[in-house]
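# Summary of structural features
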Amino acid sequence: MKADDKNPVPRVRIAVLGNVNVGKSALTVRYLTRRFIGEYRSNTDLLYRQTIPLEQGVIDVEIVDISAENENDFPTEQIQWADACMVVYSITSRSSFDYAIRSLGELKSMQNAPSAYLVGNKADLDHLREVSEKEGASIAAAHSIGFCEVSVAENSSNLYKAFEKLLMDSRARPVKPRKFSVSKMIGTLMGNGSSNALGKQTPMQGGTVVPCHKGELHKSRVVKRRQAFTTAASL
Ligand SMILES: Nc1nc2c(ncn2[C@@H]2O[C@H](COP(=O)(O)OP(=O)(O)OP(=O)(O)O)[C@@H](O)[C@H]2O)c(=O)[nH]1
């Protein structure tokens, strides 16, 4: 978490990590907008920024939704950038659970690793279940992290609790040293963006989302495309 004299609002950065098609984008947008949008572009990391009111005051949240196009390539750079990591799998996909387990192993081996939370998505598809809730809970317990199953499609309240836990954990952690400020970069992009990162027409209020190609999180390069999205987030 970071707050300074110029920007007194504390900031928390969250990376959403998981195999393809587990619902990372749907989960991120659900949390930030309370809406479920079924289909997203999937070959680019997306970076969202929004100010969220908490009981303790407002907080700037940046969330990178990491594209899992190359599942053998662990996104070290994005994880190092983050204060906290939401590891997502689908309860309907054993391979996505295996990917989540590998990711937690990678996190464990990192120095100064972000705090983590494990989420099993698509709980509404119980008839297609390949991973039991007990298995999810057991892996989370082995890593001493929080866990819940959610249905982003059905707007599970557990999702908001999971983000709240990550935000609270991050507030309690010391400031992470970073070379560049992505917030500064996004700040120059806020306003009347008109391109369509989500491939959808969405009303513009408040938050922003930008496509974020690999390598850009730690570079102060201007991202070319931008899209505002409807905000309704509060915890
Ligand atoms: N039934 C059901 N479908 C969901 C749920 N969450 C997401 N989906 C669907 O799962 C598919 C993948 O969702 P995305 O949010 O694009 O998943 P992703 O992990 O971001 O995908 P990639 O960007 O390709 O890695 C979409 O068709 C969503 O509509 C859920 O809770 N239940």
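All of these numbers come straight from a predicted model, not from anything done at the bench. (Residues numbered from 1 in each chain as written. Predicted model: local features only at pLDDT ≥ 70, side-chain atom pairs only at ≥ 80, totals over all residues.)

### Brief notes about the overall build of the chain
Put simply, the rule reads: Under the scheme used here, helices are H or I runs from DSSP no shorter than 4 residues and strands are E runs no shorter than 2 residues, and both carry numbers assigned from the N terminus. A residue is called partly exposed when the number of other C-beta atoms within 10 Å of its own lies between 12 and 20, exposed at 12 or fewer, and buried at 20 or more, with C-beta atoms placed from the backbone. Contact between two residues is assigned when their C-beta atoms, built from the backbone, lie within 7 Å.
The helix and strand tally for the chain stands at six helices and eight strands. Helices and strands appear in the chain in the N-to-C order β-α-β-β-α-β-α-β-α-β-α-α-β-β. Across the 235 residues that make up the chain, the buried fraction comes to 43%. Summarising the internal contacts of the chain: among those between residues at least 6 apart in sequence, 73% fall at separations of at least 24.

### Considering unusual backbone geometry
Positive phi, normally seen in glycine, also occurs at Asn-21, with a value near 70°. Examined against the element boundaries, Asn-21 turns out to sit in the loop between strand S1 (11-18) and helix H1 (24-33). On the basis of neighbour count, Asn-21 is assigned to the partly exposed category, with 14 C-beta atoms found within 10 Å. One non-glycine residue with positive phi stands out, namely Ser-144, at about 55°. Structurally, Ser-144 is set in the loop between helix H4 (133-142) and strand S6 (146-149). A residue is classified by how many C-beta atoms lie within 10 Å of it, and Ser-144, with 8 of them, is exposed.

### With respect to the pairing of S1
For clarity, the threshold we go by: Strand pairing follows a simple DSSP-based rule, namely that at least 2 bridges must link the two strands.
Most of S1 sits inside the fold, with eight of its eight residues counted as buried. The alternating pattern of S1 places Arg-11, Arg-13, Ala-15 and Leu-17 and Val-12, Ile-14, Val-16 and Gly-18 on opposite faces, both of which are buried. Where S1 lies against strand S3 (residues 57-65), six bridges are found, and the strand directions are parallel. When the bridges of S3 are listed, Val-16 appears paired with Asp-65. In this structure, S1 lies alongside strand S4 (residues 84-90), joined through five bridges in parallel fashion. Bridge pairing links Val-16 to Met-86 in S4.

### A closer look at the nonpolar core
The criterion, for reference: For the purposes of this analysis, a nonpolar core is taken to be any set of buried Ala, Val, Leu, Ile, Met, Phe, Trp, Tyr and Cys residues that are connected through C-beta atoms within 7 Å.
One finds Ile-14, Val-16, Cys-85 and Met-86 to be the most contacted residues of the largest nonpolar core, which totals 52 residues. Residue contributions to this core peak at six residues, all from S4. In this view, Ile-14 contacts Val-61, Ile-63, Ala-82, Ala-84, Met-86 and Leu-166; residues no more than four positions away in its chain are not counted.

### Here we look at H4
Selection criterion: Arc definition: it is the arc formed by the directions from the helix axis to the C-beta atoms.
Of the positions making up H4, those classed as buried are Gly-136, Ile-139 and Ala-140. When H4 is viewed along its axis, its buried side chains cluster within an angular range of 100° and face the same direction. Facing away from the buried side of H4, by more than 90 degrees, are the exposed residues Lys-134, Ser-138, Ala-141 and Ala-142. Buried-residue contacts for H4 involve helix H3 (94-109), strand S5 (115-121) and S6. One or two steps after H4, the chain reaches Ser-144, where phi turns positive at roughly 55°.

### Quick word on the pairing of strand S2 (residues 45-54)
Consecutive residues of a regular strand have side chains that alternate between opposite faces of the sheet. The pairing of S2 with S3 spans nine bridges and is antiparallel. Each residue of the ladder has a partner; that of Leu-46, found in S3, is Asp-65. Hairpin connection from S2 to S3: two residues lie between these consecutive antiparallel strands.

### Let's talk about the confidence of the model for the chain
Basically, it comes down to this: The predictor rates its confidence in each residue with pLDDT, a number between 0 and 100.
Chain-level pLDDT for the chain is 76 on average; 67% of the residues reach the 70-or-more range. Ignoring residues within four places in sequence, the model shows residues 219-235, a span with pLDDT below 50, making 59 contacts including any to other chains. In the predicted assembly, ipTM is 0.98 and pTM is 0.79.

### Some points on the environment of Ile-145
Mapped onto the elements, Ile-145 comes out in the loop between H4 and S6. In this structure the C-alpha to C-alpha distance between Ile-145 and Glu-69, which are 76 residues apart in sequence, comes to 26 Å. In contact with Ile-145, other than residues within four places in its own chain, are Ala-116, Tyr-117, Leu-118 and Ala-140.

### Comments concerning H1
Of all 10 residues in H1, 10 are buried, a share of seventy percent or more. Looking only at H1, the buried set comprises Lys-24, Ser-25, Ala-26, Leu-27, Thr-28, Val-29, Arg-30, Tyr-31, Leu-32 and Thr-33. Positive phi appears at Arg-34, one or two residues downstream of H1, with a value of about 70°.

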